[in-house]
Amino acid sequence: MKRKTLSSYKLLKNKTFHLAANLSSSIESFQSKIHQKSDVSSVLSDLSGCISSLQACALHKNLSKGKEIHSWMIINGFVESPFSITSLINMYSKCDRPGHALEIFDRACYPNLFAWNAIIAGFVTNGLPEDAIEFYLRMRRENVAPDKFTFPCVIKACSDVADLWEGKKIHAGLFKAGSESDVFIASALINFYLKFNRMEDARQVFDRLLERDVVSWNAMINGYAQIGEFERALEVLAQMLEEAIAPSKFTVTGVLSVFTALEDLRSGQKIHGFVEKIGYGSDIIVLNSLIDMYGKCKCIKDAQEIFERMHQRDLFSWNSILSVYEQSGDHDGTLRLFDRMRDAGIQPDSITISTILPVCSQLAALMHGREIHGYMIVSGMRRDGDVYVENAIIDMYAKCGSLRDARVVFDRMMDRDVVSWNIMILGYGLHGHGHEALDVFSSMLAKNVEPDEVTFVGVLTACSHAGLVGRGLEILVSMEPDHGVIPTVEHYACAVDMLGRAGRLSESYELARTMPIEPNPIVWRALLAACRLHGDASLAEIAASQIFELEPGHCGSYVLLANVYGDTGRYKDVSEVRQTMKLRNVRKMPGCSWIEVNTGVHVFVTGDRAHQQSDQIYTQLHMLIGQLREYGYSPEVRHVSPSIH
C-alpha cells in the first residue's frame, strides 16, 4: 500500500486556486452575516479576539467557523501578523486541511519559528510524516534554529516513517547540545526507540534524565505496552509508584492497555477501583479505556454500564462500545447503537466504518450499508487505492446480495489484492452464480494473481451451489500441482457438499471416508444435510454417528437427523432423538430472522413476542394466512417435536 503523503508540498501548490475560491466564498458569506449579527464584530474586534476564536475552532474542529474568521481577518488586515499566521496554520491543520495550512505558510514572507513548528506539527497530526521531515530539513537549511517543541514532532515523524537513521542523527545533535534531558524531547525519543524495539536505547534515555516527570514515566509504560513487553511495563509502573510519582490519567490508560491485551480481568478491575479512588472515575479518556478493557475481557454488561453512565461521550467512546457489541456478536445491537451515535450528532470515522460494515454484511442490512458507503464518498473518507476499505465495501454488497454494486466497486478498483478477487468469487458462489464465479477466477489467473486457500474455498462453493460437479472435482484435483495450494479439510468439505447436493450420496460418503485428512464435523454435517435433502435415512444415521462422536454437544446435527426421520415418517425415531438431546443436555437454539426496513433492522426469534409491535405483526400474519386459505393454500405442518423443530 502506498504511504499517505502530500508527495511534497509542491502538489499542494496546485490546489491554491481551490483555497482562493473557498476564501472568496467565505468572505462573501461572512460579510452578509456581519450585517445580520452585530455581535461578531465585537468578538473579533482585535487581533487577540481573532486568535482566541481560531484556537477554539481548532479545538472543536469547526472548519466553517474558522474560515469565516479567516475571511474577517483578511478584510480587516489581520493576516500579516506572525501570531495570525501561526494560529491559522494550527486551525487548518487541526481541522484536517493540511493543504490550506501550507498555503498560509507559503504566503508568509518570513515565517518565524512558531510558524515552522505549527506546519511541521500539522503534517504529523495529519499523517504526513515525510513532509514533516522535509520541512524540518528545509528549516535547518534556512538557518532557523529548532526548539524543544520542534524536536518531539520531528522525532515522531521519523518514527512514523520508520527512519531510524534520521532519528538517531537528531538524537546525536540533541546529545551534543545538551537538550536530550528535556522531558518532552526525552519522551519522544523513548517512544521512538521503543517502536523500533530498541529497549536498551530507550532505557538509557530514560535513565539519563535528571528529573523524571509523569510524562517520561508514561512514555516508558506506554512504549513497553505498545510493543507487547507487558512485564516490563508493569515493572516501570511499580518503580514509578515506589518513587511516589502520582500517576496521571495517561498512566492509567497505559496500564489498562496492558491488562486489556492480557485479558486480565481481575487486575483490570483493581485498576478500575484505583481510578475511582484517585478521582479519575469521570474522565472520558479513562472511561473509554475501561470500556475497551471490559469488552476485551468479555464483560459486556460492565462495559455497557460504564458507557451509559458517562455524562459526556466522544467519538472514541462510541467506537469502543461499538467494538464491544460487534465482538460479542450482537449485530442488531451494534446497528441500533450506531443509529444512536448518529442521532447524537457524532460523525463516524474510519474506525467506526471498519466496525459497522462487517455488521451490515452479517445482517444483510443493505440500506445501512448503502448509507455508510455514500457517507464515505461525500465525506472524502473513501479514497481510491485504499484496498482494505474498498474490499470491505465489496464484501458488504456481496453478502447483502447486491452483486451488481459489488462488481461496480470491484471493477473501479485501481489496485486489487487476492482478497478482492476472493470476495467476488465467494459472493457469486454463495448466491448461485457459479459461471460468473468461475469467470472471475479465470480473470484472476489471467492477471497472474496467485490464488490462495480461500480462493479455492470460494471456487468450490460456487461449483457446489451451481451444480458444476465435474468442474469442481477437476479444480480440487488441480489445486496442488497447478497452483501449489494443498487441499485442506475445508476444501474437502466443499467437495462433499457439492457431491451431496447433486444427489451423488455414495460418492460423497466415499470421499468423506477416504479423504487424506481426518474429516471434521463440518464434513460429516455436509453429508448429513445432503441426506436430508434427498431423504436417505440410512446414510444419514452413519453421518450422524460420526458427528455425535466428534461433536456431541452441537444441536444442529440432532435437528438435521430428526428432520430426516420426520420427512420419512419415522416419528418414533424423532422421539428418540429428542430423548437423547435431553440426556446429553443439548438444547436447540431458537430460530432467528431479521428484516431491514426504513425504521431500522428488526430481529425476530421463534416464539418471542418481545417486539413492541408484535400484536400488529401477528394480526397481519393471521389475516394473510386466512386470505391464502381462501385461495386453496394449505400450510405444510411437520410432525416433529416442537422442542426440536
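Residues numbered from 1 in each chain as written. Predicted model: local features only at pLDDT ≥ 70, side-chain atom pairs only at ≥ 80, totals over all residues. Heavy atoms only, no water.

Visitor: Got a minute to help me understand the overall build of the chain in this structure?
Guide: For the chain, the helix and strand inventory stands at 36 helices and 2 strands. Across the chain, the fraction of contacts at a sequence separation of at least 24, relative to all contacts at a separation of at least 6, is 61%. Accessible area of the chain: about 33,300 Å², with a carbon and sulfur share of 53%. (Helix = DSSP H or I, 4+ residues; strand = E, 2+ residues; numbered from the N terminus. Contact = heavy atoms within 4.5 Å. Areas by Shrake-Rupley, 256 points an atom, 1.4 Å probe, with all protein chains shown as cover.)

Visitor: Looking at this structure, how should I read the pattern of salt bridges?
Guide: Oppositely charged side chains are able to pair whenever their charged atoms sit close together. Tallied over the entire structure, the rule returns 30 salt bridges. The residue Arg504 makes a salt bridge to Glu507 at a minimum N-O spacing of 2.9 Å. Given a relative accessible area of 36%, Glu507 falls into the partly exposed group. For the salt bridge of Glu541 with Arg570, the shortest nitrogen-to-oxygen distance reads 2.9 Å. You can see Glu541 sitting in helix α33 (residues 537–550) and its partner Arg570 sitting in the loop between α34 (555–567) and α35 (571–583), a full 29 residues away along the chain. (Salt bridge = Lys/Arg side-chain N within 4 Å of Asp/Glu carboxyl O. Buried < 20%, exposed > 50% of the residue type's maximum accessible area, 1.4 Å probe, protein only.)

Visitor: When you look at the environment of Leu189 in this model, what are you seeing that I'm missing?
Guide: With respect to the helices, strands and loops of the structure, Leu189 is situated in helix α12 (residues 183–195). The buried category is assigned to Leu189, whose relative accessible area is 0%. The spacing of Leu189 and Val205 is 16 residues in sequence and 7.4 Å in space, taken between C-alpha atoms. In contact with Leu189, other than residues within four places in its own chain, are Ile155, His171, Leu174, Glu180 and Val205.

Visitor: Please clarify how the nonpolar core should be interpreted in this entry.
Guide: Generally speaking, a soluble globular protein has its nonpolar side chains buried in company with each other. Core analysis: the largest hydrophobic core is formed by 179 residues, its most contacted members being Ile89, Met91, Ile119, Ile120 and Ile155. Residues within four places of Ile119 in sequence aside, it is in contact with Ile89, Ala101, Leu102, Phe105 and Phe135. (Core = buried A, V, L, I, M, F, W, Y, C linked by side-chain atoms within 4.5 Å.)

Visitor: Just to check I follow, could you spell out the packing of helix α13 (residues 199–207) against helix α14 (residues 214–226) for this structure?
Guide: The description of two helices packed together rests on the angle between their axes and the distance between the axes. Taken N-terminus to C-terminus, the directions of α13 and α14 make an angle of 170°; their axes are 11 Å apart at the nearest point. What the angle tells us is that α13 and α14 run roughly antiparallel. Here Met199, Ala202, Arg203 and Phe206 of α13 lie close against α14, whose contacting residues are Ser216, Trp217, Met220 and Tyr224. For the contact of α13 with α14, the residue count by class is 6 nonpolar, 1 polar and 1 charged. (Axes fitted to C-alpha atoms, helices over the stretch in contact; angles between N-to-C directions. Parallel < 35°, antiparallel > 145°, perpendicular 65-115°, else oblique. Nonpolar A, V, L, I, M, F, W, Y, C, P; charged D, E, K, R; others polar.)

Visitor: Is there a simple way to think about the packing of helix α9 (residues 129–141) against helix α10 (residues 150–160) in this case?
Guide: For the pair α9 and α10, the least separation of the axes is 8 Å and the interaxial angle reads 135°. When the axes of α9 and α10 are compared, the pair comes out oblique. In the crossing of α9 with α10, the sense of the turn from one axis to the other is left-handed. The segment α9 lies against α10, with Pro129, Ala132, Ile133, Tyr136, Met139 and Arg140 engaging Thr150, Phe151, Val154, Ala157, Cys158 and Asp160. For the contact of α9 with α10, the residue count by class is 9 nonpolar, 1 polar and 2 charged. (Left-handed = near helix turned anticlockwise from the far one by under 90°.)

Visitor: What exactly am I supposed to notice about helix α15 (residues 230–242) here?
Guide: Count 3.6 residues to each turn of an α-helix, and residues three or four apart come out pointing the same way. The terminal C-alpha atoms of α15, which comprises 13 residues, lie 19 Å apart, in line with the 18 Å expected from a rise of 1.5 Å per residue. Residues Phe230, Ala233, Val236, Leu237 and Met240 constitute the buried set of α15. Along the axis of α15, the buried residues cluster in a sector spanning 120°; they form a single face. Exposed side chains of α15 directed beyond 90 degrees from the buried face belong to Glu231 and Glu242. On its buried side, α15 packs onto α13, α14 and α16 (249–262). Directly after α15, the chain includes Ala244, whose backbone phi takes a positive value near 60°. (Expected span 1.5 Å × (residues − 1). Arc of directions from axis to C-beta.)

Visitor: Mind showing me how you'd approach a nonpolar patch on the surface here?
Guide: A contiguous nonpolar patch, built from Leu621, Leu624, Leu628 and Tyr633 and spanning about 350 Å² of accessible area, is present on the exposed surface. For Leu621, the position within the fold is in helix α36 (residues 614–630). A relative accessible area of 38% means that Leu621 is categorised as partly exposed. (Patch = residues over 30% accessible without salt bridge, like charges linked within 9 Å, V, L, I, M, F, W, Y side chains within 5 Å.)

Visitor: Please clarify how helix α4 (residues 47–60) should be interpreted in this entry.
Guide: Across its 14 residues, α4 extends 20 Å between first and last C-alpha, which sits within 8% of the 20 Å expected from 1.5 Å per residue. Within the span of α4, buried status applies to Gly49, Cys50, Ile51, Ser53, Leu54, Cys57 and Ala58. Downstream of α4 by a residue or two, Lys61 has a phi angle that is positive, lying close to 55°.

Visitor: Can you walk me through the packing of aromatic side chains in this structure?
Guide: Aromatic ring pairs are described here by two measures, namely the spacing of the ring centres and the angle between the planes. Under the criterion given, the structure shown has 14 aromatic pairs. Their ring planes at 65° and their centres at 6.4 Å tell us that Tyr136 and Phe151 sit as a pair that is edge-to-face. Pair noted here: Tyr136 is in helix α9 and Phe151 is in helix α10, with a separation of 15 residues, a long-range link. Accessibility assignment for this pair places Tyr136 and Phe151 in one class, buried. Three or more aromatic residues link up through ring pairs in this structure, and these residues are Phe105, Trp116, Phe123 and Phe135. (Phe/Tyr/Trp six-rings, centres within 6.5 Å; stacked < 30°, edge-to-face > 60°.)

Visitor: Would you mind going over unusual backbone geometry with me for this structure?
Guide: Backbone phi values are negative for most residues with the exception of glycine, while trans is the configuration of most peptide bonds. In this structure, Asn143 is a non-glycine residue whose phi angle is positive, near 60°. Here Asn143 is to be found in the loop between α9 and α10. Taking relative accessible area as the criterion, Asn143 reaches 72% and is therefore assigned exposed. Of note, Ala244 is a non-glycine position whose phi angle comes to about 60°, a positive value.

Visitor: I keep staring at the confidence of the model for the chain and nothing clicks. Help me out?
Guide: Low-pLDDT stretches of the model should not have their predicted coordinates read in fine detail. Residues of the chain with pLDDT of at least 70 account for 89%, and the chain-wide mean is 86. Mean pLDDT across the secondary structure elements of the chain bottoms out at helix α2 (residues 16–36), with 42, and peaks at helix α8 (residues 113–125), with 96. Contacts from residues 7–44, a stretch scored under 50 in pLDDT, to residues over four places away or in other chains number 48 contacts. For residues 638–645, every residue scores under 50 in pLDDT, and the model assigns this stretch 20 contacts once sequence neighbours within four places are set aside. (pLDDT = per-residue confidence, 0-100.)

Visitor: Teacher, can you tell me more about the environment of Leu468 here?
Guide: Considering the arrangement of structural elements, one finds Leu468 in the loop between α28 (453–466) and α29 (469–483). The exposure class assigned to Leu468 is buried, which follows from its relative accessible area of 18%. Every residue in contact with Leu468, bar those within four places of it in the chain, is listed here: Gly434, His435, Leu438, Cys463 and Met498.

Visitor: Explanation requested: the state of the cysteines in the structure shown.
Guide: Formally, a disulfide is one covalent bond, and it connects the sulfur atom of one cysteine to the sulfur atom of another. In this structure the tally under the stated criterion is 0 disulfides. Sulfur of Cys299: no disulfide; nearest cysteine sulfur belongs to Cys297 and is 6.2 Å away. (Disulfide = S-S within 2.5 Å.)

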